[in-house]
Amino acid sequence: MKKTNLTLLLVGLLAVLSVTASCNTDDEQGITASGDCIITSATLGVLKRIMHTKDKAGNDSVYEANVTGSYYPLHIDQLGCRIFNTDSLPVGTDLRRTVFTALNSQGNVGIRSLVTNTDTIFSKTDSTDCSVDRLLTVYATDGVSRRTYTLSLCAHREEADSFVWKQMCTNDAQLARLTPGHRTFVTDGRIRVFGNMDGNAVVVSAPVENPTLWTTTALTDGPDAGTVHRFEDRFIALAGGRIVTSDDGETWTGNGSSFSPDGIAGAATNRIYAVKDGQFYASSDGVTWTAEEADDAEQVPASGAVGITLASATDNTFENILVVGRNAAGAPVVWCKDIDLSGGIAFAWNYLPPVTDEAFHCPALTAPSLIVYDRAALLTGNTADGKAAALYLSRDNGRTWSTADFSNPLKGSTAGISMAVDAEQFIWIIGGGQVWRGRLNRLGWENNSGAFE
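*Asks:* What is the right way to look at the nonpolar core in this model?
*Replies:* Grouped together as the largest cluster of nonpolar side chains are 26 residues, with contacts concentrated most on Ile39, Ile83 and Leu136. Going through the elements one at a time, β1 (38–44), β4 (74–77), β6 (100–106), β7 (108–112), β9 (134–139) and β10 (146–152) are the ones with two or more residues in this core. For this core, the element with the highest residue contribution is β1, accounting for three residues. Discounting residues that sit within four places of it in the chain, isoleucine 39 has contacts with Ile76, Gln78, Ile83, Leu103, Asn104, Ser105, Leu136, Val138 and Tyr149.

*Asks:* For this particular structure, what's the right way to read a nonpolar patch on the surface?
*Replies:* On the surface, a nonpolar cluster with roughly 310 Å² of combined accessible area is contributed by Leu114, Val115 and Val132. Structurally, valine 132 can be placed in the loop between β8 (119–121) and β9.

*Asks:* I keep staring at the sheet that holds strand β19 (residues 253–254) and nothing clicks. Help me out?
*Replies:* Sheets are built from strands that pair by backbone hydrogen bonding, the pairs being arranged parallel or antiparallel. Ordered in space as β16-β17-β18-β19, the four strands form an open sheet in which the pairing is antiparallel. Looking at the sheet topology across the chains shown, the edges are occupied by β16 (229–231) and β19. In this sheet, β19 lies alongside strand β18 (residues 242–246) in antiparallel orientation, the contact comprising two bridges. Bridging from a neighbouring strand, threonine 245 pairs with threonine 253 of β19.

*Asks:* I'm lost on the sheet that holds β10 in this one. Help?
*Replies:* In space, the six strands of this open sheet follow the order β4-β5-β10-β9-β7-β8, with mixed pairing throughout. Of all strands in the sheet, those bounded by a partner on one side alone are β4 and β8. Each strand of the sheet is rotated relative to its neighbour by a mean of 30 degrees, with strand direction disregarded. Here β7 pairs with β9 via four bridges, running antiparallel. What sits directly across from glycine 110, in β9, is threonine 137.

*Asks:* Whenever I open this one, unusual backbone geometry confuses me. Can you help?
*Replies:* Look at aspartate 277: it is not a glycine, yet its phi comes out positive at around 50 degrees. Within the element layout of this structure, aspartate 277 appears in the loop between β21 (272–276) and β22 (279–283). Unlike most non-glycine residues, arginine 375 shows phi in positive territory, near 60 degrees. Among the structural elements, arginine 375 can be located in the loop between β28 (366–373) and β29 (376–382).

Reading the values: rules and limits
- Residues numbered from 1 in each chain as written.
- Predicted model: local features only at pLDDT ≥ 70, side-chain atom pairs only at ≥ 80, totals over all residues.
- Heavy atoms only, no water.
- Core = buried A, V, L, I, M, F, W, Y, C linked by side-chain atoms within 4.5 Å.
- Buried < 20%, exposed > 50% of the residue type's maximum accessible area, 1.4 Å probe, protein only.
- Helix = DSSP H or I, 4+ residues; strand = E, 2+ residues; numbered from the N terminus.
- Contact = heavy atoms within 4.5 Å.
- Patch = residues over 30% accessible without salt bridge, like charges linked within 9 Å, V, L, I, M, F, W, Y side chains within 5 Å.
- Areas by Shrake-Rupley, 256 points an atom, 1.4 Å probe, with all protein chains shown as cover.
- Salt bridge = Lys/Arg side-chain N within 4 Å of Asp/Glu carboxyl O.
- Pairing = 2+ DSSP bridges.
- Axes fitted to C-alpha atoms, helices over the stretch in contact; angles between N-to-C directions.

So, to be careful, I would describe these as geometric facts and stop short of saying anything about function.
Printed below as a string of structure tokens:
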């Protein structure tokens, strides 16, 4: 940074203006100093990014890469006198060596020194330490008017798509006693795991803030664990073929419906779906059910049906329900249905036959657990030999499936497994007495809107 004293510069500038004005003749227009003091635009230059990698020997290695600063616009809040970037710079960007390709102003710009606390001439091409907030002052040419801006640059502290698992509970004896096929939900500040323990229906629960304090509650007339779903802020399930509901997951009662489905297929915003005798059914209240059209009755799930609802990427009046299960022959099947939330169009159910490439087939899992994560379908369960499977992701509404980039911390263990996602986008995985929690970093970032131009 250049150390020219800004006060001397302004004194010299005013002297020039004074002499110029005094030399005007009667037929010449005088030069008037301006009171304008404003930064009108700013653009970052090429910045340096510190990158970490490993060499062939597995040793840590550090190198520099360039970051095109213009890809990260700077916004100016003229009322609040702030200059800032709403889209954070990449992890490792060296803000201590910030340069600019443009900083346009009406008036002369000075920057407050971090050492002397006085203003010096600002040069956009000089390396400026922006690892902390900096003060930029625009001095008008009238020698009186000035305006001070706070320059704040931010960079991510973690990689966007990194996924970190944390073990929240090591070996809880109550969770370890659950047989495979349990279902997990995170609602109202609690984690609830519905399952069977020694042949009896139970719910094992703990507060989210302390997922080591597990308590077991026996469920009188309790639900078949694999059928539990969440619909309109209540739990709904089957118990011996009849439909039961619960507000708190502990007290279950029949809802009065005479309909006895084979299984509950999933819940959407305003409908819940079931299957019976190769037919899909829908209900808006869980009591009255209506048969729905499906394009291939032989492939309708006969067992193990679980469903999720995916929001439309283009129209918030539509959504899509995706159901995974097994047909009468025991093969994995995937079904989907478009839903018009306005009620204007009634869509049929569509069977998604396996794609040609077997590597992208829906995996054959027992006791499957299916959730929505990062606007995609995430599936796990147990393999044929009873071990916890990998995590499988589908970003095309169930058409193709591939192993997720983040691994299952319980993969290969001989335990039943279930998972849920909470409001903060943490995935909870429970199995064999263990509790794990993890999240894609970017799903936990705040979305700070309101950029000023």
